[in-house]
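Breakdown of the fold
Okay, here's what each chain looks like letter by letter:
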Amino acid sequence: MHNTPEVLISEVGPRDGLQSVKATMPTADKLRWIDALVAAGLREIEVGSFVPPKLLPQMADAPALVQHALQHPGLMVMALVPNRRGAEAALAAGVLKITLPVSVSEAHSMANVRKTPAQMLDELREVHALRRDTAPGVAMEVGLSTAFGCTLQGAVDEDDVIRLAVACVNAGADEVGLSDTTGMANPAQVRRLFTRLRAELGERAGAAHMHNTRGLGLANCLAAFDVGVRTFDASLGGLGGCPYAPGASGNVVTEDLVFMFEAMGVRTGIDITKLIAAREPLMAGLPGEPVYGMTPEAGLPKGWIAHHHPSSPSTSSG
């Protein structure tokens, strides 16, 4: 198939993006935003997180977002759950994939989920048992936070990262990805760690979740791609970061990541013009919130439609 996507871009803006913004986006705007993302060709969206609303009021409407998103056939509707109670709520809402944050850094783990990494493994086992018994068709992945360094702890031992990744798979995770929560990663480190992760976990090695804190988000995604990673988290307009990692602003901008891959002739399945249009409901729902991205500002290069897939005849592009 000429048009089968070669990489999966997982949009995390509605969760990771919104949870670090002070304002709460109205539900109606979130629904419009999700619809616009789907219209652009996104096939996996993290629509929210199932946490107590008093902790993150931005996420209080997660069940409604899940139910709405499920009306789009073929969309992988994903939500973050920090523990078994969150997983119960997410599964009750009908999510198709749950993702759990497990920090390699003890300090970040305590700040983020008030549990040690070892306690999070226990939580993961419980969530796995719950899923196995009540919703065996639901996928479960882990994003290893602070895999490349921690603003609180500093350097993070690469052996610890791999050891914890293996432990997560043994505890029931289908996939384990690596997250540069604090924006400390560099391309050589990304190449090294994902090479090890893939050697250790094979098919269960998961997504690259990079931040643009020091301007290396795209370079780190490319480094991960070069060693075989094919799933990438990104946030429309570069919205968000981690509220519990001081100074760690900025997810990789979905628009720029899609532009990079498409310009390389790597198919994402995403229409970049419609993707840029999906910024409109985002900005309408969060007036005054800064959005980022070089591609939306610069526009697409002259002759883009005809040339962005060197491998296919120009008539089939677009």
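This text follows the structure it describes.
Not measured: the values here are computed from a predicted model.

1. Considering the overall build of the chain
Helix and strand counts for the chain stand at 14 helices and eight strands. Relative to the globule expectation of 20 Å for 318 residues, the C-alpha radius of gyration of the chain, 18 Å, shows essentially globular dimensions. Taken along the three principal axes of its C-alpha coordinates, the chain extends 55 × 40 × 40 Å. Counting the 318 residues in the chain, one finds 57% classified as buried. The long-range share in the chain, meaning contacts at least 24 apart out of those at least 6 apart in sequence, stands at 74%. Charge-centre separation for the chain: the mean point of 26 positive side chains lies 1 Å from the mean point of 33 negative side chains.

2. Focus: the environment of A277
Mapped onto the secondary structure, A277 falls in helix 11 (residues 272-277). Owing to a relative accessible area of 46%, A277 belongs among the partly exposed residues under this scheme. A sequence separation of 213 residues divides A277 from A64, and the C-alpha atoms of the two residues are 24 Å apart.

3. Quick look at the packing of helix 4 (residues 84-93) against helix 6 (residues 117-134)
Contact geometry for helix 4 and helix 6: axes closest at 9 Å, N-to-C directions at 25 degrees. Between helix 4 and helix 6, the angle falls in the class roughly parallel. Handedness of the helix 4/helix 6 crossing: right-handed. Contacts between helix 4 and helix 6 involve R84, A87, E88 and L91 on the former and, on the latter, E123, E126, V127, L130, R131 and T134. In terms of residue class, the contact of helix 4 with helix 6 is made up of four nonpolar, one polar and five charged.

4. Remarks on helix 5 (residues 106-113)
All of the buried residues in helix 5 are H108, S109, N112 and V113. For helix 5, the angular spread of the buried residues around the axis is 100 degrees, confining them to a single face. Considering only its buried residues, helix 5 is in contact with strand 4 (97-103), helix 6 and strand 5 (139-145). Of the residues flanking the start of helix 5, the one acting as N-cap is S105, its side-chain oxygen 3.3 Å from the backbone nitrogen of A107. In the stretch just after helix 5, R114 is the one whose phi turns positive, near 55 degrees.

Cut-off values and rules
- Residues numbered from 1 in each chain as written.
- Predicted model: local features only at pLDDT ≥ 70, side-chain atom pairs only at ≥ 80, totals over all residues.
- Heavy atoms only, no water.
- Helix = DSSP H or I, 4+ residues; strand = E, 2+ residues; numbered from the N terminus.
- Rg over C-alpha atoms; globule rule 2.2 N^0.38 Å.
- Buried < 20%, exposed > 50% of the residue type's maximum accessible area, 1.4 Å probe, protein only.
- Contact = heavy atoms within 4.5 Å.
- Lys, Arg positive; Asp, Glu negative; His and termini not counted.
- Charge placed at Lys NZ, Arg CZ, Asp CG, Glu CD.
- Axes fitted to C-alpha atoms, helices over the stretch in contact; angles between N-to-C directions.
- Parallel < 35°, antiparallel > 145°, perpendicular 65-115°, else oblique.
- Left-handed = near helix turned anticlockwise from the far one by under 90°.
- Nonpolar A, V, L, I, M, F, W, Y, C, P; charged D, E, K, R; others polar.
- Arc of directions from axis to C-beta.
- Polar contact = N/O pair within 3.5 Å; in protein donor to acceptor, adjacent residues only side chain to side chain.

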